[in-house]
Amino acid sequence: MRLNFGGPNRAQLRGASRALGLLAFAVCFGLVLVHGGIGSGSNAGDAQALAPTDKGRRAMPVASGLPGPAANVPASLAGAQATPNGHSTPFDGLPAVGVLFYPDDSTYSHHYCTASVVHSPGGDVVATAAHCLSDPAQGSPNPSDVVFAPGYHDGQHPFGLWRSTAIMIDTHWAANSDPDSDVAFVVVHKDGDPTARIEDQVGAERIAFGVSRPTTVGVVGYPGETDRPISCLNTLTAYSATQSEFDCNGFTDGTSGGPLLEGIDPRTGLGTLVGVIGGYQEGGDNDDVSYAVYFGDRVQALYGQAVTAGAPSPSASPSPSGAVASPSLSASP
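Every chain begins its residue count from 1, and numbering advances along the sequence as written. Totals for whole chains, interfaces and linings use all residues, but because this is a predicted model, local features are given only for residues with pLDDT of at least 70 and pairs of side-chain atoms are given and counted only at 80 or more. Only heavy atoms go into the side-chain values, all of them from the structure, while hydrogens and water stay out.

K.L.:
Could you clarify how one ought to interpret the pairing of strand β11 (residues 230–238) in this entry?
P.N.:
Where a strand is regular, its side chains alternate between the two sheet faces. Burial classes: relative accessible area under 20% of the type maximum marks a residue as buried, over 50% as exposed, and values in between as partly exposed (1.4 Å probe, protein chains only). Strands here mean DSSP runs of E at least two residues long; helices mean DSSP runs of H or I at least four residues long; both are numbered from the N terminus. The buried count for β11 comes to seven of nine residues, which makes it a mostly enclosed element. As defined by bridge partners, strand β2 (residues 89–90) adjoins β11 across two bridges and the pair is classed as antiparallel. Across the sheet, Thr89 pairs through a bridge with Ser231, a residue of β11. By the bridge criterion, two bridges tie β11 to strand β12 (residues 243–247) in an arrangement that is antiparallel. For Ala238, the partnering residue across the bridge sits in β12 and is Ser244. A loop of four residues connects β11 with β12, the two strands running antiparallel in sequence. Pairing between strands is defined by DSSP: at least two bridges between the two strands are required.

This is the structure:
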């Protein structure tokens, strides 16, 4: 549902994914892999409602974000007038949220997924959906590069273009496009200025793990057919133990990887990242109903690998979990 590029249509992509659902949800927890890749994707799980609520569960540690520049934050998204209602509205965007481009798009005008800056000590990590970067289940495991444009709107790149130098994807996604692993973290550096830190220019979202549901979230995504993002405020509920759901209209192809944010600051638009659009049905077959992988232990471990791989210098040493952090995108999974 959430990508926007040529190739199989939505029905074709989803047909194969449903057949993989039961197998994908049976996969046990494993190692985390640093992996590079890009391609179209499709995978879904038969995510029955295993846990309708997570009330009482305490959030795991939260990474603190950095202050960002002032932004034109919609009143419907944050502030005293913000009320969850499930209706999306277009706006001019937020500095820490942007779009992904293919590196061979010389005009950087054909965006296909959404991503956001998440805090890290190196100030260089972006969060998105794994299916925006690779899809082994559909024969697209080959590593490649991506370009991120924060704050993108109306064909403009107000904060420049940032190229990936490392991509972190869970081994479960790398093996079979497991919908419970449809999250990725990307280390980025600015074209023409490799010492620049993206957090210093646009701020960064905090990140939290093990957050109780239901909770109110603001969601931002870039529909592929437009050059302006949409925003929506609504309740995030537990669709299953490993998947969350929010109901907002208008989240079409291209919004994959869009951030789900708690506690958005009405001045900067920064909040706490608790999910990205993706997971079950790669975010949802219906434009009015969307899904996201629950941020639990597995996502927390993956985030840790991104921190390790980021500035000041990426590490190629095995991590405690057995994963390898590397700045290279040349190795296959």
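Continuing now.
K.L.:
I keep staring at the pattern of salt bridges and nothing clicks. Help me out?
P.N.:
Where charged atoms from two side chains of opposite charge approach closely, those side chains can pair. In what follows, salt bridge is the name for a side-chain nitrogen of Lys or Arg lying within 4 Å of a carboxyl oxygen of Asp or Glu. Counting across every chain of the model gives five salt bridges. Across the pair Arg163 and Asp191 runs a salt bridge, and its minimum N-O distance is 3.1 Å. Placement of Arg163 in strand β7 (residues 162–170) and of Asp191 in the loop between β8 (184–190) and α3 (198–202) is noted, with a sequence separation of 28 residues between them. Judged by relative accessible area, Arg163 falls into the partly exposed class, the value being 22%. Taking relative accessible area as the criterion, Asp191 reaches 35% and is therefore assigned partly exposed. Arg298 serves as the salt-bridge partner of Asp178, at 3.2 Å between the closest nitrogen and oxygen. Remark: Arg298 occurs in helix α4 (residues 297–309) and Asp178 occurs in the loop between α2 (171–176) and β8; sequence separation between them is 120 residues. Here Asp178 falls in the buried class, since its relative accessible area comes to 1%. In this structure Arg298 comes out as buried when scored by relative accessible area, which is 12%. Several salt bridges share partner residues, and in doing so they unite Asp145, Arg163 and Asp191 into one network.

K.L.:
I'm lost on the side chain of Ser177 in this one. Help?
P.N.:
Following the sequence through the fold, Ser177 ends up in the loop between α2 and β8. Under the relative-accessibility criterion, Ser177 is labelled buried at 0%.

K.L.:
Where do I start with the state of the cysteines in this structure?
P.N.:
Each disulfide is one covalent bond, formed between the sulfur atoms of two cysteines. Cysteine sulfur atoms are paired as a disulfide whenever they fall within 2.5 Å. Within the structure shown, the criterion is met by two disulfides. The side chain of Cys113 participates in a disulfide bridge whose partner is Cys132; the two sulfur atoms lie 2.1 Å from each other. Looking down the S-S bond of the Cys113 and Cys132 bridge, the torsion is -80 degrees, so its handedness is left-handed. Of this pair, Cys113 sits in strand β4 (residues 113–118) while Cys132 sits in the loop between β5 (125–128) and β6 (147–150); the two residues are 19 residues apart in sequence, bridging distant segments of the chain. You can call Cys132 buried: its relative accessible area is 0%. With its disulfide-bonded cysteines labelled consecutively along the sequence, the protein chain is connected as 1-2, 3-4.

K.L.:
Please explain the nonpolar core as it appears in this structure.
P.N.:
Here is a general trend for soluble globular proteins: nonpolar side chains tend to be buried in one another's company. To form a nonpolar core, buried Ala, Val, Leu, Ile, Met, Phe, Trp, Tyr and Cys residues must be joined to one another through side-chain atoms within 4.5 Å. The biggest cluster of nonpolar side chains holds 37 residues, and the ones touching the most others in it are Leu94, Val118, Phe185, Ile207, Leu273 and Phe295. Elements with a contribution of two residues or more to this core: β3 (97–101), β5, β6, β7, β8, β14 (272–276) and α4. With five residues, α4 is the single largest residue contributor to this core. Two residues form a contact once any of their heavy atoms are found within 4.5 Å. Those residues in contact with Leu94, other than ones at most four positions away along the chain, are Ala71, Val73, Leu77, Gly151, Val220, Thr268 and Gly269. Counting residues in hydrophobic clusters, the runner-up holds 25 residues, among them Leu100, Trp173, Ile198 and Val202.

K.L.:
Is there a simple way to explain the packing of aromatic side chains in this structure?
P.N.:
Aromatic ring pairs are described here by two measures, namely the spacing of the ring centres and the angle between the planes. Ring pairs shown here join Phe, Tyr and Trp side chains whose ring centres sit within 6.5 Å, with only the six-membered ring taken for Trp; geometry is labelled stacked below 30 degrees between planes, edge-to-face above 60, and tilted in between. If you walk through the whole model with that rule in mind, you get 11 aromatic pairs. Aromatic side chains Tyr102 and Tyr112 sit 4.4 Å apart centroid to centroid with 5 degrees between the ring planes, which places their arrangement in the stacked category. With a gap of 10 residues between them, Tyr102 in the loop between β3 and β4 and Tyr112 in the loop between β3 and β4 connect regions that are remote in the sequence. Using a relative accessible area of 0% as the deciding quantity, one classes Tyr112 as buried. Plain terms: the ring middles of Tyr152 and Tyr222 are 6.2 Å apart, the flat faces sit at 55 degrees to each other, and that makes the pair tilted. Of this pair, Tyr152 sits in the loop between β6 and β7 while Tyr222 is found in the loop between β10 (215–221) and β11, placing the two residues 70 residues apart along the sequence. Residue Tyr152 shares its accessibility class with Tyr222, and that shared class is buried. What links up through ring pairs into an aromatic cluster is the set Phe101, Tyr108, Tyr152 and Tyr222.

K.L.:
I'm lost on unusual backbone geometry in this one. Help?
P.N.:
Backbone geometry follows two general trends: most residues other than glycine have a negative phi, and most peptide bonds adopt the trans configuration. Along the chain, Arg213 connects to Pro214 via a cis peptide bond; the corresponding omega equals 5 degrees. Along the chain, Pro214 falls in the loop between β9 (206–207) and β10. Of note, the phi angle at Ser177 is positive, near 55 degrees, even though the residue is not glycine.

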